[in-house]
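# Working through the structure, step by step
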Amino acid sequence: MNSDQISVVTGGAGFIGKNLVERLAASGQCVLIFDDLSRGGEDRITSLVENPLVQFRQVDCADPHAMSEALASVGGQAHTVWHLAANSDIPAGVADPRIDLHRTFQTTFGVLEFMRSAGANTLRFASSSAIYGPFGDVAIFEDIGPLAPISNYGAMKLASEAQINAAVEAFLPRAEVYRFPNVVGAPATHGVIFDFVNKLQKNPMELTVLGDGTQRKAYLHVHDLIGAMFHISKLDGRRLTFNIGPQDEGVTVRFIAETVRDKVSPAAAISYGEGRRGWVGDIPSFHYSVQKLVDSGWAPSRSSAETIVCAVDEIVESRLSV
Ligand SMILES: NC(=O)c1ccc[n+]([C@@H]2O[C@H](COP(=O)([O-])OP(=O)(O)OC[C@H]3O[C@@H](n4cnc5c(N)ncnc54)[C@H](O)[C@@H]3O)[C@@H](O)[C@H]2O)c1
């Protein structure tokens, strides 16, 4: 890689990372991916590095020395780091909180140390709506509080944001914090559509759903997410924090289950559980405000419902082609 200016993408073997790396390389940027492949992704890396602008190093992003050595092996200057590496297996994090400590918080700590020694300029951080905790019917703006996440994952994302704040005070010239809800599209590595498609492929006659199906959430397509991140990256400021999401109240799990069932196995019966909470740390509904982002000049191209229909098609097609 013979470029002075490299964009590092941590977690680049993952779902959002793969889409982001493709967009960055398509715009002519040199990209260096750091990923420990703890969630698989060898096939995604193989296709990404076919582009000569993209390089990959298998490293643990909690280890700043390993990242510095990996950068030196490539040559060039890391100007921007898109930090996407984290634990996305929420049940695994519930069973063992050390997984979120390591993959979600210590990766952020390690990335900041790496950036300090590399003299990197800008951190772009994938945070989450999970940092807020339950606010019931109250609209969630960026400056709402007190913040009281109820999952290990949300707690470690919030701790990451705090550490980033301290880094901006101490040495980091610029940080962009993107807080987004559920993101869908291909290639899915986890999430509700992915789970439903897998269940129906195993048993085409029945789809079992956690909770009573009334849980309502906002969904954003990965292409819209990347469009919003690129938009924010052009705004002025030293520390920017934005909610990113659709402009609606979301769709129910029932809507998603029926959309997947109709696409994958129309004869299947859907059986629901009890209660509104799908898993420990789940927040059954929330009202996410993206007004600040809309006021800055960006709007998503699809509603939550349109996003789900589109993503179900994409995920089913990508599963059939493997
Ligand atoms: N997908 C969503 O709905 C969603 C919602 C909110 C926030 N986010 C955040 O966006 C980012 C990307 O999510 P995704 O959906 O693409 O998840 P993903 O699991 O597909 O990708 C995460 C990647 O991080 C890598 N990783 C984990 N621990 C690592 C470590 N210690 N060192 C190096 N790499 C490591 C994994 O191997 C994986 O490839 C994550 O930070 C996630 O928390 C995602």
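Cut-offs and rules
- Residues numbered from 1 in each chain as written.
- Predicted model: local features only at pLDDT ≥ 70, side-chain atom pairs only at ≥ 80, totals over all residues.
- Domains from an automatic or database assignment.
- Contact = placed C-beta atoms within 7 Å.
- Helix = DSSP H or I, 4+ residues; strand = E, 2+ residues; numbered from the N terminus.
- Nonpolar A, V, L, I, M, F, W, Y, C, P; charged D, E, K, R; others polar.
- Axes fitted to C-alpha atoms, helices over the stretch in contact; angles between N-to-C directions.
- Parallel < 35°, antiparallel > 145°, perpendicular 65-115°, else oblique.
- Left-handed = near helix turned anticlockwise from the far one by under 90°.
- Expected span 1.5 Å × (residues − 1).
- Buried ≥ 20, exposed ≤ 12 C-beta atoms within 10 Å, placed from the backbone.
- Arc of directions from axis to C-beta.
- Near = placed C-beta within 6 Å.

For the protein, the assigned domains are domain 1 (5–180) and domain 2 (186–217 + 249–283 + 303–320). Domain 1 and domain 2 are separated by 27 Å when their C-alpha centres are compared. Listed as interface residues are 13 residues of domain 1 and, on the opposing side, 8 residues of domain 2. Looking at the side of domain 1 that touches domain 2, the elements that each hand over two or more residues are α1 (15–26) and α4 (90–95). If you tally residues by element for the side of domain 1 that touches domain 2, the top one is α4, at 3 residues. When the residues that make up the side of domain 1 that touches domain 2 are grouped by side-chain class, the tally is 6 nonpolar, 3 polar and 4 charged.

Attention shifts here to the packing of α1 against helix α8 (residues 222–233). Between α1 and α8, the least distance of the axes is 10 Å, while the angle of their chain directions is 55°. Accordingly, the angle class assigned to the pair α1 and α8 is oblique. Relative to α8, the crossing made by α1 is right-handed. Contacts from I16, N19, L20 and R23 of α1 reach α8 at V222, L225 and I226. For the contact of α1 with α8, the per-class residue count stands at 5 nonpolar, 1 polar and 1 charged.

This paragraph deals with helix α9 (residues 253–264). An ideal rise of 1.5 Å per residue puts 16 Å on 12 residues; α9 measures up with 16 Å between its terminal C-alpha atoms. Turning to α9, its buried residues are V253, I256, A257, V260, R261 and V264. The buried residues of α9 occupy an angular sector of 130° when projected down its axis, which confines them to one face.

Around the ligand there are 29 residues in total, and G11, G14, A86, S88 and A126 lie nearest to it. Within the residue set of the shell around the ligand, elements represented by two or more residues are α1, β2 (30–35), α5 (97–118), β5 (122–128) and β8 (182–184). The dominant element in the shell around the ligand, judged by the number of residues it contributes, is α1, at 3 residues. Residues of the shell around the ligand, tallied by class, amount to 13 nonpolar, 11 polar and 5 charged.

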